[in-house]
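So the chains spell out like this:
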Amino acid sequence: MPSQDAPDLAALRPRLPSPLVPVDDERFARHGVRLLLKRDDLIHPELAGNKWRKLAPNLRAAAASGRHTLLTFGGAYSNHLRATAAAGRLLGFATVGVVRGEELAGQPLNPSLARCAADGMRLCFVDRAAYRRKTEPEVVAAVLGRAGLERDDVYVVPEGGSNALAARGCAELGRELRGAAGTVAVACGTGGTLAGLAAGLGSGQRALGFPVLRGDFLEREIRELQQAAFGGPVGDWRLDGRFHFGGFARTTPALDAFAEEFGERHGLRVERLYVAKMLYGLTTLAEEGAFRPGTTVAAVITGQPEPSGAEPSGAEPSGAEPSEPERPEPSQASSR
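Just so it is clear, the structure is predicted and the values come from calculations on it, not from any experiment.

**Some thoughts on the pairing of strand β10 (residues 296-300)**
Here is step 1: Summarising burial for β10: five of the five residues are buried, a large majority.
Here is step 2: Along β10, one buried face is formed by Thr296, Ala298 and Val300 and the opposite face, lined by Val297 and Ala299, is buried too.
Here is step 3: Here five bridges tie strand β2 (residues 34-38) to β10, and the two strands are oriented parallel to one another. Following the sheet pairing, Lys38 is matched in β10 by Val300.

The structure is reproduced here in structure tokens:
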């Protein structure tokens, strides 16, 4: 196993800064809007987009703490679990993935979880009640006990990878885009990417987030992430929650058709559960006249399509719920 004292992330040859590519799209051009694609999906073939930016500082922190095992959380189709498993294989960390859905333990692994297992991740399936309490010390202790692990040997990465370190890592995305666009758009799951992006942008720039989950919890969680990462609110950002298409891991025929057409038009394989919703939302805003003529808009392409057969479409897949993060009840304080 490689030394855990200083993981050489540069040895993985990330493509940074990621390419910023202008595209010709008349749906924007006819309103006087210029569209750029920030190709974060090209940073690394296995740690693409915001997963690289969020995991990299946590990997350094894990090594600095002397902990050789990464433990994290996700649903049956979690991009974050796959990225963490790949990071573990590439850098020599052991990895444990706590997967929501105890009943999945007796079923064949879907392609996403099979990829995690192939990369050496130990999968620990828990019931949904326990998963909702995953940040509580006693729940973590129970998982560690089942896995035969000691707490001092384990570095815990939160669901989606969103914590203060991740937000600081994503601030570099904003710095790479300073002066390039008036509005920078990104899809949002747990909020860490938007929290950091907004902090890194310059004066006069706005970050625009498109939540892929239903509910109004995300604004609070982004503010809490910024408080933890930067000491308070920073940057100009807002959310447009109209384009979740029914919630996480949900698509519709209209969204699928849009993603296919956009991809053919611009030579891009469009990831459906995050990126397609953000691009659809941006296109709708352009048609609504939300951007002044002369505006440049940058769309952050945060990830790649799932492994073949792994990406659910429309209804929930049989035997598993999609990997929407569990949320606290409205009366509970957020743990993020």
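Don't stop here, the text continues.
**Quick word on the pattern of salt bridges**
Any two side chains of opposite charge can pair, on the condition that their charged atoms come close.
Here is step 1: Within the structure shown, the criterion is met by 24 salt bridges.
Here is step 2: Asp40 is the partner of Arg53 in a salt bridge, and the nearest nitrogen-oxygen pair spans 2.6 Å. Of this pair, Arg53 sits in helix α2 (residues 50-64) while Asp40 sits in the loop between β2 and α2; the two residues are 13 residues apart in sequence, bridging distant segments of the chain. For the pair Arg53 and Asp40, one class covers both residues: buried.
Here is step 3: Several salt bridges converge on common partners, so that one network encompasses Asp25, Glu26, Arg27, Glu261 and Arg265.

**Describing the sheet that holds strand β6 (residues 154-156)**
Here is step 1: Spatially, the four strands line up as an open sheet ordered β5-β4-β3-β6, and their pairing is parallel. Looking at the sheet topology across the chains shown, the edges are occupied by β5 (122-126) and β6. Strand-to-strand, the axes of this sheet are offset by a mean angle of 25°, without reference to chain direction.
Here is step 2: In this structure, strand β3 (residues 69-74) lies alongside strand β4 (residues 94-100), joined through six bridges in parallel fashion. Bridge assignment links Phe73 to a residue of β4, and that residue is Val98.

**Overview of the packing of aromatic side chains**
Here is step 1: Going through the model one piece at a time under the given rule, you end up with six aromatic pairs.
Here is step 2: With 5.0 Å between their ring centres and 90° between their planes, Phe245 and Tyr280 make a pair best called edge-to-face. Of the two residues, Phe245 is situated in the loop between β9 (237-239) and α10 (253-266) and Tyr280 in helix α11 (residues 275-287); the sequence distance between them amounts to 35 residues.
Here is step 3: Ring pairs connect the aromatic residues Phe210, Phe243, Phe245, Phe258, Phe262 and Tyr280, which therefore count as one cluster.
Here is step 4: The residue whose ring lies beneath Arg100 is Tyr131, and the NZ or CZ to ring-centre distance is 5.9 Å.

**Notes on the packing of α2 against helix α3 (residues 79-91)**
Here is step 1: For the pair α2 and α3, interaxial distance at closest approach is 11 Å and the crossing angle is 50°. The angle between α2 and α3 falls in the class oblique. Viewed along their axes, α2 and α3 form a crossing whose handedness is right-handed. Along its contact with α2, which presents Lys51, Leu55 and Leu59, the element α3 presents Asn79, His80, Ala83, Thr84, Ala87 and Leu91.
Here is step 2: Residues that form the contact of α2 with α3 fall into these classes: five nonpolar, three polar and one charged.

**Focus on the packing of α3 against helix α4 (residues 111-118)**
Here is step 1: Direction vectors running N to C along α3 and α4 enclose 20°, while the axes themselves pass 8 Å from each other. Between α3 and α4, the angle is such that the two are roughly parallel. Where α3 crosses over α4, the handedness of that crossing is left-handed. Residue-level contacts link Leu81, Arg82 and Ala85 of α3 to Ser112, Leu113, Arg115 and Cys116 of α4.

**Here we look at the confidence of the model for the protein**
Here is step 1: Of all residues in the protein, 89% attain a pLDDT of 70 or more, and the chain-wide mean is 88.
Here is step 2: Under a pLDDT of 50 for its full length, residues 309-336 has, in the predicted model, 77 contacts with residues more than four places off or in other chains.

**Re α10**
Here is step 1: With 14 residues, α10 should reach 20 Å at 1.5 Å per residue; the first-to-last C-alpha distance of 20 Å fits that figure.
Here is step 2: Looking only at α10, the buried set comprises Leu255, Phe258, Ala259, Phe262, Gly263 and His266. Viewed end-on, α10 has its buried residues packed into an arc of 125°, placing them on one side of the element. Seen from the open side of α10, the exposed residues pointing more than 90 degrees away from its buried face are Pro253 and Glu264.
Here is step 3: Looking at the buried positions of α10, the neighbouring elements they touch are β1 (20-23), α1 (26-29), β2 and α11.
Here is step 4: Downstream of α10 by a residue or two, Gly267 has a phi angle that is positive, lying close to 65°.

About the cut-offs
- Residues numbered from 1 in each chain as written.
- Predicted model: local features only at pLDDT ≥ 70, side-chain atom pairs only at ≥ 80, totals over all residues.
- Heavy atoms only, no water.
- Buried < 20%, exposed > 50% of the residue type's maximum accessible area, 1.4 Å probe, protein only.
- Helix = DSSP H or I, 4+ residues; strand = E, 2+ residues; numbered from the N terminus.
- Pairing = 2+ DSSP bridges.
- Salt bridge = Lys/Arg side-chain N within 4 Å of Asp/Glu carboxyl O.
- Axes fitted to C-alpha atoms, helices over the stretch in contact; angles between N-to-C directions.
- Phe/Tyr/Trp six-rings, centres within 6.5 Å; stacked < 30°, edge-to-face > 60°.
- Lys NZ or Arg CZ within 6 Å of the ring centre and 35° of its normal.
- Parallel < 35°, antiparallel > 145°, perpendicular 65-115°, else oblique.
- Left-handed = near helix turned anticlockwise from the far one by under 90°.
- Contact = heavy atoms within 4.5 Å.
- Nonpolar A, V, L, I, M, F, W, Y, C, P; charged D, E, K, R; others polar.
- pLDDT = per-residue confidence, 0-100.
- Expected span 1.5 Å × (residues − 1).
- Arc of directions from axis to C-beta.

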